[in-house]
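Residue strings, one per chain:
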2 protein chains.
Amino acid sequence: MRKILVIGSGKSTSYLIKYFLDKSKSEKLFIIIGDINIENAKSLINKHPNAKAITLDVFNNEARAQAIQDSDIVVSMLPARFHIEVAKDCITYGKNMVTASYVSNDMLELDKAAKEKGLIFMNEIGVDPGIDHMSAMKVIDKIRDKGGEIILFESFTGGLVAPESDNNLWNYKFTWNPRNVVVAGQGGAAKFIQEGKFKYIPYHRLFRRTEFLEVDGYGKFEAYANRDSLKYQKAYGLEKTKTLYRGTMRRVGFSRAWQIFVLLGMTDDSYTMEDSANMSYRDFVNSFLPYSPTDSVELKFRHQLKIDQDDIVWDKLIELNLFNPNKKVELEKATPAQILQKILIESWTLDHDDKDMIVMYHKFGYKLNGKNHQIDSTMVCIGDDQTYTAMSKTVGLPVAIATLDILNKKIKTKGVQIPISKEVYNPILRELEYSGIQFIEKEVPYYGYNPLHI
Amino acid sequence: MRKILVIGSGKSTSYLIKYFLDKSKSEKLFIIIGDINIENAKSLINKHPNAKAITLDVFNNEARAQAIQDSDIVVSMLPARFHIEVAKDCITYGKNMVTASYVSNDMLELDKAAKEKGLIFMNEIGVDPGIDHMSAMKVIDKIRDKGGEIILFESFTGGLVAPESDNNLWNYKFTWNPRNVVVAGQGGAAKFIQEGKFKYIPYHRLFRRTEFLEVDGYGKFEAYANRDSLKYQKAYGLEKTKTLYRGTMRRVGFSRAWQIFVLLGMTDDSYTMEDSANMSYRDFVNSFLPYSPTDSVELKFRHQLKIDQDDIVWDKLIELNLFNPNKKVELEKATPAQILQKILIESWTLDHDDKDMIVMYHKFGYKLNGKNHQIDSTMVCIGDDQTYTAMSKTVGLPVAIATLDILNKKIKTKGVQIPISKEVYNPILRELEYSGIQFIEKEVPYYGYNPLHI
């Protein structure tokens, strides 16, 4: 039996563990799931004979080292900042390791040691980052293999509510960490390249500069720019590509309404508000509006933001209970962002039988034999239920498949890496297809920034 | 002879030195001006027998200590961050000290030592902070002395171009550090109190939430909120005052146009732009706008910012040469804010015979015998020329007068302080009046936030 140690058993591990259990007999696997709280792990294992849950405090150096020493490979599903101690133990005890998180600087520093010990540290192999890397590099390599030159690469991902569960005016529910949604886009201007020109969008304009996308069978989406669209320029070999853009997908209309929160200052996480606990939702809104002894909060709001009375944006705000004078914030020393998050969670939490959805859209513009072409590649994944979500499927399955491929020596390249080589992505994408995670690629006319083709 | 050591001889010292020289005979003063570069000091002294300029590097501990030891009182006109070493020497050698800068935490920590040594460390006695403290506390104390209760305090200051030199569409020229103007308002939401309610304005809304003010004989002004209007709440004893607001004055229309720079992201100082040196002004603007192969920068700009073709805001932008494709930025690794500053300096630098202007406006609402009243207090100071500016007059004169008052033991209170006691402000305000810096106080009806008095 080959022992796989999975550290952490949070929301995104359901599919990962299911995949291991399903393969445990044929692949001779024994799965050990370590977490500080093993209730969720136990329920996911469901008394399967080839698995056990162990109580593991990742900050207990001795226990962590022992568990890692006892395993053949380690999968860390901890929050990203906790990987590094696990990684150091993997170096010490000579174990391969897989994570779905961004490669931190600390992790990158282990590259040399990992190579010296002949170890594979695979990272960014979940969803955004992960499936996006693999599906993009597959098309990029295909274009290059036939002699094409990439002139445009745009990549968009969204974690959304599935169409069958989409029943609010925002067409949005929280399917992942709400905090990340509330502060999304903060911390500096978004930067990207269009036709060789560097472009910058400050945070307070980000949600007014969206792009539109249409996915066959799923309708229209919009996307706002990620902070750094140039992040993988070098890794993908796109140094000469004239258009590089990465974005986050929402349903059309979300961003225009979200911009209202940004403009008012409700997404600010840099200061705490006076007496926040005793504020009503209405007080919260009013603190961003001028004082008036006569005018209503509603009218001041509409006037400040120039919202017509028949604008759908207004209904979206009403739906959130934003002007309610009776609902209290009840959070001590809270930032605007924390208060907004609380208000949104009340409206945007998935119902018991709601399903989530992951959508991905890549555009590849390329030049071949003097002519411009374009391939669009799209993927939609819908969750089964609240345990087996699309998020856990798209994060967990590639992690699980990569883990097996490393155990089975299909992945051979050593060191700290992300899944951008054929050796890694080809077998994984094929296996993902069996599980229903499939990209639809189609040739479309290349219009670039001249859609009327004039 | 009593020896006054003035450290630093920059733009704001002309009136200060003139005042000392004029009084040097009657008051038996000898003025030593220390600076790393003594050209300006020499020209200000103009061979006056009761003064000399010495080369002084404030970072040379020995030379600094020697100069301080040799003096009877020290005036530090250095940039605020350099005061602290001077202050420590003043403790060591038992010298009183005067600065026009905000009390830093380092300075505040010297309070105990200063008191123990019986020393006076007077700070914030220039203009904003300085004259504003004194003129405000004079009215506040007067209201309190007759039994009134302050219910509203608003205070506004502006450094502007004098009406006779006001010849651009922005009605603005740089009369002080341009950088402070470009990044004004950044670093967090503005916070103030209106009728007992805390109000917050994020940076990107600051210039759209202005107040209007009218100064007799000088017309209309507008003001945007300072970051922390509550800064002097405790010092002024205004803990129960229901409206507290401090703001910066501009001519009407400045802020609406400035907001365009904020919205586009041109005032951002947090990142450097790619290839900034070779950018034209037009390229700079275009980097904040979407790419288009056909639409002009002008039309994209107007569309993004929703500017009508006959809006005066447009003329203000044209006046700055903002769309010029031939003018190069020529700044390596520059932030947007640095580039914008360069563009603005070309248009907003005072001409040789231009004059500057300092405007101040305080509003005091108070309750007396059950009735609401209001006093408005205004001051306008216009510079003589480019050496004897209004800025140097309003900064330098109160510093100079306070220095003499300390020498003459009219100011007796020890320790690190700001000029908010009668002992300090009464004689200084009287002396300032002789020099033409005069507040006009008038009783006006108290309307609070109900201007129609309905």
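Residues numbered from 1 in each chain as written. Chains lettered and ligands numbered in written order. Predicted model: local features only at pLDDT ≥ 70, side-chain atom pairs only at ≥ 80, totals over all residues. Heavy atoms only, no water.

Enquirer: Can you break down the overall build of chain A residue by residue, with the values?
Expert: For chain A, the count of helices and strands is 16 helices and 16 strands. Against the globule reference of 22 Å for 454 residues, chain A gives a C-alpha radius of gyration of 24 Å, in line with a compact fold. On the principal axes, the C-alpha backbone points of chain A span a range of 75 × 60 × 40 Å. Buried positions account for 58% of the 454 residues belonging to chain A. (Helix = DSSP H or I, 4+ residues; strand = E, 2+ residues; numbered from the N terminus. Rg over C-alpha atoms; globule rule 2.2 N^0.38 Å. Buried < 20%, exposed > 50% of the residue type's maximum accessible area, 1.4 Å probe, protein only.)

Enquirer: How would you explain the sheet that holds strand 1 (residues 2-7) of chain B if you had to name every residue and give the values?
Expert: Where strands meet in a sheet, backbone hydrogen bonds hold them as pairs that are either parallel or antiparallel. Residue and element names in this part refer to chain B. Taken in spatial order, the seven strands make up an open sheet running 3-2-1-4-5-6-15, and their pairing is parallel. Of all the strands in the sheet, just strand 3 (51-55) and strand 15 (415-417) have a single pairing partner and so form its edges. Going from strand to strand, the sheet's axes swing by 15° on average, the running direction of each strand aside. Pairing geometry for strand 1 and strand 2 (residues 29-35), over six bridges, is parallel. Pairing of Leu5 across the sheet is with Ile32, part of strand 2. Of the strands in this sheet, strand 1, strand 4 (73-76), strand 5 (96-99) and strand 6 (120-122) touch helix 4 (residues 83-93), which is tilted by about 160° from strand 5. (Pairing = 2+ DSSP bridges. Axes fitted to C-alpha atoms, helices over the stretch in contact; angles between N-to-C directions. Contact = heavy atoms within 4.5 Å.)

Enquirer: Could you give me a rundown of the relation of the copies chain A and chain B, with the residues and numbers involved?
Expert: Here chain A sits on chain B after a turn of 180° about the axis and a move of 0.0 Å along it, with an RMSD of 0.0 Å. Accordingly, the operation relating the two chain copies is best matched by a two-fold axis. No C-alpha of chain A approaches the rotation axis more nearly than that of A:His204, which lies at 3.5 Å. Of all interface residues in chain A, 100% are interface residues in chain B too; the two copies therefore contact each other through one and the same surface. (Least-squares fit on C-alpha atoms with pLDDT ≥ 70 in both.)

Enquirer: Please give an account of helix 16 (residues 422-434) of chain A that cites residues and values.
Expert: Turn by turn, an α-helix covers 3.6 residues, leaving residues three or four places apart pointing in a common direction. Residues and elements named next belong to chain A. If you check helix 16, its first and last C-alpha atoms are 18 Å apart, about what 13 residues at 1.5 Å a residue would give, namely 18 Å. Of the residues making up helix 16, those classed as buried are Val424, Tyr425, Pro427, Ile428, Leu429, Glu431 and Leu432. Where helix 16 is buried, its residues touch helix 1 (14-23), strand 6 (120-122), helix 7 (131-145), helix 15 (390-407) and strand 15 (415-417). Positive backbone phi, at 90°, marks Gly436, one or two positions downstream of helix 16. (Expected span 1.5 Å × (residues − 1).)

Enquirer: Give me empty space enclosed by the protein: which residues, what numbers.
Expert: Residue and element names in this part refer to chain B. In total, this model carries five cavities of 30 Å³ or more according to the counting rule given. Space inside the largest cavity adds up to approximately 70 Å³. The wall of the largest cavity is formed by Ser135, Lys138, Val139, Ser377, Leu429, Glu433, Ile437, Gln438, Phe439 and Glu441. Of all the secondary structure elements, the ones that give two or more residues to the lining of the largest cavity are helix 7 (131-145) and helix 16 (422-434). Ranked by residue count, the leading element in the lining of the largest cavity is helix 7, at three residues. (1 Å grid on protein atoms, 1.4 Å probe; cavity = no way out; pocket = protein on both sides within 12 Å on 5 of 7 lines; lining within 4 Å. Points joined across faces, edges and corners; volume = space filled by probe spheres on them.)

Enquirer: Which residues make up the domain arrangement of chain A, and what values do they have?
Expert: Interface size is often expressed as the accessible area that is lost when the parts come together. All names here are of chain A. We note that the domain assignment places domain 1 (2-122) and domain 2 (131-257 + 352-453) within chain A. Placing the centre of domain 1 and that of domain 2 at their C-alpha centroids yields a distance of 27 Å. Each side of the interface is counted separately: domain 1 has 34 residues, and domain 2 has 32 residues. For the domain 1 and domain 2 pair, buried surface summed over both sides reaches about 2900 Å², with 73% attributable to carbon and sulfur atoms. Taken as a group, Tyr15, Tyr19 and Met122 account for 27% of the area that domain 1 buries against domain 2, more than any other trio of residues on that side. Inspection of the region where domain 1 meets domain 2 yields one salt bridge. For the side of domain 1 that touches domain 2, the elements supplying multiple residues, two or more each, are strand 1 (2-7), helix 1, strand 4 (73-76), strand 5 (96-99), helix 5 (105-108), helix 6 (111-116) and strand 6. It is helix 1 that contributes the most residues to the side of domain 1 that touches domain 2, seven residues altogether. Per-class residue counts for the side of domain 1 that touches domain 2 are 22 nonpolar, four polar and eight charged. (Domains from an automatic or database assignment. Buried area = accessible area lost by both parts, 1.4 Å probe. Salt bridge = Lys/Arg side-chain N within 4 Å of Asp/Glu carboxyl O. Nonpolar A, V, L, I, M, F, W, Y, C, P; charged D, E, K, R; others polar.)

Enquirer: Outline the interface of chain A and chain B, supporting the account with residue identities and numerical values.
Expert: Taken together, the 31 residues of chain A in the interface contact 31 residues of chain B. Both sides together, the interface formed by chain A and chain B hides about 3000 Å², and carbon and sulfur atoms give 54% of it. If you sort the residues of chain A by the area they bury against chain B, A:Tyr200, A:Glu274 and A:Tyr291 come out on top, with a joint share of 24%. On the surface where chain A and chain B come into contact, there are two salt bridges. In this structure, B:Lys191 and A:Glu274 form a salt bridge, with 2.6 Å as the shortest nitrogen-oxygen distance. Elements supplying a minimum of two residues to the side of chain A that touches chain B: strand 8 (190-194), strand 9 (197-201), helix 9 (203-206), helix 10 (254-264) and helix 12 (297-305) of chain A. With four residues, strand 9 of chain A is the single largest residue contributor to the side of chain A that touches chain B. Taken together, the residues of the side of chain A that touches chain B break down into 15 nonpolar, seven polar and nine charged.

Enquirer: So what's going on with the packing of aromatic side chains? Which residues, and what values?
Expert: All names here are of chain B. Enumeration according to the criterion identifies 54 aromatic pairs over all chains in this entry. With a centroid separation of 5.5 Å and an interplanar angle of 10°, the aromatic rings of Trp170 and Phe261 are classed as stacked. Residue Trp170 is found in the loop between strand 7 (149-161) and helix 8 (178-182), and its partner Phe261 is found in helix 10 (residues 254-264); the two are separated by 91 residues along the sequence. Exposure remark for Trp170: the relative accessible area of 0% places this residue in the buried category. Residue classification places Phe261 among the buried residues on the basis of a relative accessible area of 0%. (Phe/Tyr/Trp six-rings, centres within 6.5 Å; stacked < 30°, edge-to-face > 60°.)

Enquirer: Can you explain the sheet that holds strand 6 of chain A? Please cite residues and give values.
Expert: All names here are of chain A. Taken in spatial order, the seven strands of this open sheet run 3-2-1-4-5-6-15, and their pairing is parallel. Of all the strands in the sheet, the pair left with one neighbour each is strand 3 (51-55) and strand 15. Ignoring strand direction, the axes of neighbouring strands in this sheet form an average angle of 15°. Alignment of strand 2 (residues 29-35) against strand 3, held across five bridges, turns out to be parallel. Note that in strand 3 the partner of Gly34 across the bridge is Ile54. Its contacts with the sheet place helix 1 against strand 1, strand 2, strand 3 and strand 4, and it is angled at close to 155° to strand 2.

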